[in-house]
Structures are given as C-alpha cells and as structure tokens.
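Structural characterization, general
Spelled out from the first residue to the last, the chains are:
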Amino acid sequence: MGGRRALGLMARFPQMYPEVTVIGAHFGLATEVARAERRAQDERWVQMLRTEGLAPFIKLWERAPIFAAQADLPEEILEKQRALRLGQTAGWLADAMKHLGRGAMPYLLPDLVQAQGRLRYVVGENDTKFGSAGEALCAARPETTLHKVPGGHNVLLFEDAWAPLQALLA
C-alpha cells in the first residue's frame, strides 16, 4: 500500500513529490460502478475474515491468479511470505480491506496526468493486472516510465528482480 500512498501524494502535492517510484501500485478504479463492484467483492473477503478467521482467508487468497507467478518460487520463500500473512490479525486485515482497498480509494489518474514530475512505475513482467495498469498510466501520462522486471506481482520475492531494481534506483 506504500505505492498507492505515494501515487496519492504525487497526485495531491506534486510540488513536494517531483520524483516518485512505485512498485505494483494502482491508481484506482475509474467509475463509481467499478468501485462499488470492488467494494462488494472486498466485503465478501471482509466477512470471511470476520467469520472464519485468517487461515482460511489466506488459503484462498494465495490461490488468486495474481499470485500464480509465485508458484515456482522456492518453498522457503513461499513459507516466509505465508508466515508474514499469517502474522496479521483478521480484524485489522478486514478493516484495511474495507477502508484501504481499491473500491474505497479515489481515482487518481486525472490528478496524476496533471502532476509534473518523474514517475517510475515498476511491475513484475508476469503481472498482467498491474502491468496493464502501468501501460494505461504511461498512455495517459507519457512522462511516466514503465519498468518490467523479472517476477510476478510481488517482485521483491524474486531474486532476478533485485539487480534491475537496484539499477533503476541508482
């Protein structure tokens, strides 16, 4: 969610954030209908968290198509990621999903288009969902650069992504 916050800060205070780099962040959904659909989807997850708890939620969450690229990672990395997820509390995660999810966040693209400054959008090469968001951002805001690095949605899990990320941020 740090990338989403960075996009929001750049959109709202571009003079204070003239250079921003985000990894797999989303600029929000364009229509109220899309946001309402997302809120309804998130509400099902929220109810699952509140009624069934964290472990069943994580088990289903990890099967989401966005995480498919992680299937080939070494088991120790997957276990570490799962332990981090299971270290959350169901109530906190439910609240975060309800209040910080894409259905709750504002649509930032129009403000980002107006914002002056350098925006680097980093995404895993196998992350089609956020890759499409990055391409849309670049189409609307040509001064944005899209960087596809090895890996899936969470590029920080993929060792092959570290060297390109370090080079990008140097």
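Quantities reported herein were computed from a predicted structural model and do not represent experimental measurements.

Extensive coverage of strand β2 (residues 118–124) is indicated by the burial of six of its seven residues. Pairing between strand β1 (residues 19–23) and β2: five bridges, direction parallel. When the sheet's bridge partners are listed, Thr-21 is paired in β2 with Arg-120. By the bridge criterion, six bridges tie β2 to strand β3 (residues 144–149) in an arrangement that is parallel. Directly across from Val-123, in β3, lies its bridge partner Lys-148. Each parallel crossover has a hand, and the one from β2 via helix α7 (residues 128–140) to β3 is right-handed.

A separate point is the side chain of Arg-35. By the secondary structure assignment, Arg-35 is in helix α2 (residues 32–52). Residue Arg-35 is classed as buried on the basis of its relative accessible area of 15%. Side-chain polar atoms of Arg-35 contact the backbone oxygen of Leu-29, separated by 2.5 Å.

Right, let's get into a nonpolar patch on the surface. Taken together, the side chains of Ile-23, Leu-156 and Trp-162 present a nonpolar region at the surface, about 270 Å² in accessible area. With respect to the helices, strands and loops of the structure, Ile-23 is situated in strand β1.

Here the focus is the packing of aromatic side chains. The geometry of an aromatic ring pair comes down to the distance between the two centres and the angle between the two planes. Applying the stated criterion to the full structure yields five aromatic pairs. Clustering of aromatic rings is evident, with ring pairs tying together Trp-45, Phe-57, Trp-61 and Phe-67. Here the basic side chain of Arg-85 rests over the ring of Phe-67, its NZ or CZ set 4.8 Å away from the ring centre.

This next bit is on the packing of α2 against helix α3 (residues 54–61). In the contact formed by α2 and α3, the axes pass within 7 Å of each other and the chain directions differ by 140°. In this structure, α2 contributes Trp-45, Met-48, Leu-49 and Glu-52 to the contact, and α3 contributes Leu-54, Pro-56, Phe-57, Leu-60 and Trp-61. In the contact of α2 with α3, the residues fall into eight nonpolar, no polar and one charged.

Where α3 meets helix α5 (residues 90–100), the closest approach of the two axes is 10 Å, and the angle between their N-to-C directions is 50°. With respect to α5, the axis of α3 lies oblique. Relative to α5, the crossing made by α3 is left-handed. Listed contacts from α5 to Leu-54, Phe-57 and Trp-61 of α3 are Ala-90, Leu-93 and Met-97. Grouping the amino acids of the contact of α3 with α5 by side-chain chemistry returns six nonpolar, no polar and no charged.

On to the confidence of the model for the chain. Looking at the chain as a whole, the pLDDT averages 91, with 100% of positions reaching at least 70. At the low end of the mean pLDDT range in the chain sits helix α8 (residues 159–169), at 79; at the high end sits α2, at 97.

Below, the discussion takes up the sheet that holds β3. Sheet strands pair via backbone hydrogen bonds, and the direction of the pair is either parallel or antiparallel. Taken together, the three strands give an open sheet; going across it, the order is β1-β2-β3, and neighbouring strands pair in parallel fashion. Of all strands in the sheet, those with a lone pairing partner are β1 and β3, marking the two edges. Averaged over all pairs of adjacent strands, the angle between their axes in this sheet comes to 15°, without regard to strand direction. Packed on one face of the sheet, helix α1 (residues 2–12) meets β1 and β2 and runs near 150° to β1. Against the sheet, α7 engages β2 and β3, with an angle of about 155° to β3.

The rules behind the values
Residues numbered from 1 in each chain as written. Predicted model: local features only at pLDDT ≥ 70, side-chain atom pairs only at ≥ 80, totals over all residues. Heavy atoms only, no water. Buried < 20%, exposed > 50% of the residue type's maximum accessible area, 1.4 Å probe, protein only. Helix = DSSP H or I, 4+ residues; strand = E, 2+ residues; numbered from the N terminus. Pairing = 2+ DSSP bridges. Right-handed = clockwise from strand over helix to strand, strands pointing away. Polar contact = N/O pair within 3.5 Å; in protein donor to acceptor, adjacent residues only side chain to side chain. Patch = residues over 30% accessible without salt bridge, like charges linked within 9 Å, V, L, I, M, F, W, Y side chains within 5 Å. Areas by Shrake-Rupley, 256 points an atom, 1.4 Å probe, with all protein chains shown as cover. Salt bridge = Lys/Arg side-chain N within 4 Å of Asp/Glu carboxyl O. Phe/Tyr/Trp six-rings, centres within 6.5 Å; stacked < 30°, edge-to-face > 60°. Lys NZ or Arg CZ within 6 Å of the ring centre and 35° of its normal. Axes fitted to C-alpha atoms, helices over the stretch in contact; angles between N-to-C directions. Contact = heavy atoms within 4.5 Å. Nonpolar A, V, L, I, M, F, W, Y, C, P; charged D, E, K, R; others polar. Parallel < 35°, antiparallel > 145°, perpendicular 65-115°, else oblique. Left-handed = near helix turned anticlockwise from the far one by under 90°. pLDDT = per-residue confidence, 0-100.

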